[in-house]
Amino acid sequence: MLGKTAGGLFWMFRFLERSENTARMLDAGFRIALTRSTAAENEWASVVAAAGVTDAYTAKYDQYIARNVIDFLLRDTSNSSSVWSVIEGARNNARLVRTALTREVWEATNECWITLKDLLAHPISERDLPEVLGTIRQQSALVRGALHGTMLRNDIFDFARLGTYLERADNTARILDVKYYVLLPSASFVGSSLDNVQWESILRSVSAQRAFRWLNPGEINPMGIAEFIILDRRLPRSLSFCYAKIVDNLSYLEADYGLRLDCHEMAAPILQRLKESSIASIFDEGLHEFITAFIRDNMALGAQIEQDYRFIG
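Cut-offs used in this document
Residues numbered from 1 in each chain as written. Predicted model: local features only at pLDDT ≥ 70, side-chain atom pairs only at ≥ 80, totals over all residues. Heavy atoms only, no water. 1 Å grid on protein atoms, 1.4 Å probe; cavity = no way out; pocket = protein on both sides within 12 Å on 5 of 7 lines; lining within 4 Å. Points joined across faces, edges and corners; volume = space filled by probe spheres on them. Helix = DSSP H or I, 4+ residues; strand = E, 2+ residues; numbered from the N terminus. Nonpolar A, V, L, I, M, F, W, Y, C, P; charged D, E, K, R; others polar. Axes fitted to C-alpha atoms, helices over the stretch in contact; angles between N-to-C directions. Parallel < 35°, antiparallel > 145°, perpendicular 65-115°, else oblique. Contact = heavy atoms within 4.5 Å. Expected span 1.5 Å × (residues − 1). Buried < 20%, exposed > 50% of the residue type's maximum accessible area, 1.4 Å probe, protein only.

This part is about empty space enclosed by the protein. By the definition in use, this model includes two cavities of 30 Å³ or more. In this structure, the largest cavity spans a volume of roughly 90 Å³. Looking at the largest cavity, the residues that line it are Met25, Ala28, Gly29, Glu43, Ser46, Val47, Ala50, Ile175, Lys179, Ser201, Ile202 and Ser205. Secondary structure elements with two or more residues in the lining of the largest cavity: helix 1 (3-35), helix 2 (40-50) and helix 9 (196-205). Here the lining of the largest cavity gets four residues from one element, more than from any other, and that element is helix 2. Here the residues of the lining of the largest cavity sort into six nonpolar, four polar and two charged. Counting residues per element, the ones that place at least two in the lining of the second largest cavity are helix 1 and helix 7 (129-150).

Listed below in structure tokens is the structure:
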């Protein structure tokens, strides 16, 4: 496969995953802002921070109010991570690699672009926001379903999945980093009682609320949530699940091309560290420090994958 095709697949699915992640974070923030109006501005600020666009937002706005945050994260073309920007990027990359995709995957991607182009043509009111966010998640899921249902399990599939899981791991880690103060093991760390609504928002942001309750029918606790989202390999958005898949897909590429590259050497230790860590050891080390190191390593791995496969062909 030519490096340009590999890169197009990689970024097509990173962008699609990012659109869904942004919708999930907005949904969680919106629910808290509705129920806790006195903390609404802080919650909207945390959504912007989790999306990694604080600098871009503050360059344009001086307040974190619902209308501005919603528009910036959904529609603003000056924000390269807005849903509209990344869906446009996903479709452009899909056009670039059109011959590597099945007809169903291309049509699902194009339909996603058409639907969201119409949906985001005008500012979104708070009243309409839940329905709009649901549509964004649904459109992303349709592309993912077409990928799983129609694509060969070859190098094309591997690059698509690498993009998905690198982006997903980054998103989960950023949510944890922004909310880590909520997950401290004792209220004494922050001088006030911990807020169950905030814990619920963390689970909701990674689509883990119901799964956590199934597995933990008792009281919600911060270390249990952190352990679930970081270490539980049954949860599709946990860091451990994402890295198990990343290492698997890299190993398939290694077998296909007969090459073990620098990215393989970088990914394996990240997964091994997750396997060997306990939630107690992570809290002893410092949750913020652990997550900060993970985000740094994940970003470095993404850049290395692009570099290593640029000249394969």
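As a further point, take the packing of helix 6 (residues 103-119) against helix 7. Axis separation between helix 6 and helix 7 bottoms out at 8 Å; the angle between their running directions is 170°. Regarding the angle of helix 6 to helix 7, the classification is roughly antiparallel. Contact with helix 6, carried on its side by Glu104, Val105, Ala108, Thr109, Glu111, Cys112, Thr115, Leu116 and Leu119, involves Val132, Thr135, Ile136, Gln139, Leu142, Val143, Ala146, Leu147 and Thr150 of helix 7 and no other residues of that element. Considering only residue class, the contact of helix 6 with helix 7 consists of 11 nonpolar, five polar and two charged.

Below, the discussion takes up the environment of Leu253. Turning to its location among the elements, Leu253 is positioned in helix 12 (residues 239-257). Remark: the alpha-carbon pair of Leu253 and Phe157, spanning 96 residues in sequence, is separated by 10 Å.

This part covers the packing of helix 1 against helix 2. Helix-helix packing is described using two parameters, namely the angle between the two axes and the distance between the axes. Where helix 1 meets helix 2, the axes come as close as 9 Å, and the angle between the chain directions of the two elements is 170°. As the angle between them shows, helix 1 and helix 2 are arranged roughly antiparallel. On helix 2, the residues touching Met25, Leu26, Gly29, Phe30, Ile32 and Ala33 of helix 1 are Ala40, Glu43, Trp44, Val47 and Ala50.

With that out of the way, let us pick up helix 1. Count 3.6 residues to each turn of an α-helix, and residues three or four apart come out pointing the same way. Taking 1.5 Å of rise per residue, the 33 residues of helix 1 would be expected to cover 48 Å, and the 48 Å separating its terminal C-alpha atoms lies within 8% of that figure. Buried residues dominate helix 1, accounting for 26 of its 33 residues.

Moving on, we get to the layout of surface pockets. The space that makes up the largest pocket amounts to roughly 370 Å³. Together, 22 residues line the largest pocket, and Arg18, Ser81, Glu167, Asp170 and Arg174 are the ones closest to its centre. Those elements that place two or more of their residues in the lining of the largest pocket are helix 1, helix 8 (155-178) and helix 15 (287-308). Broken down by element, the lining of the largest pocket gets its largest block of residues, six residues, from helix 1. A per-class count over the lining of the largest pocket returns eight nonpolar, eight polar and six charged.

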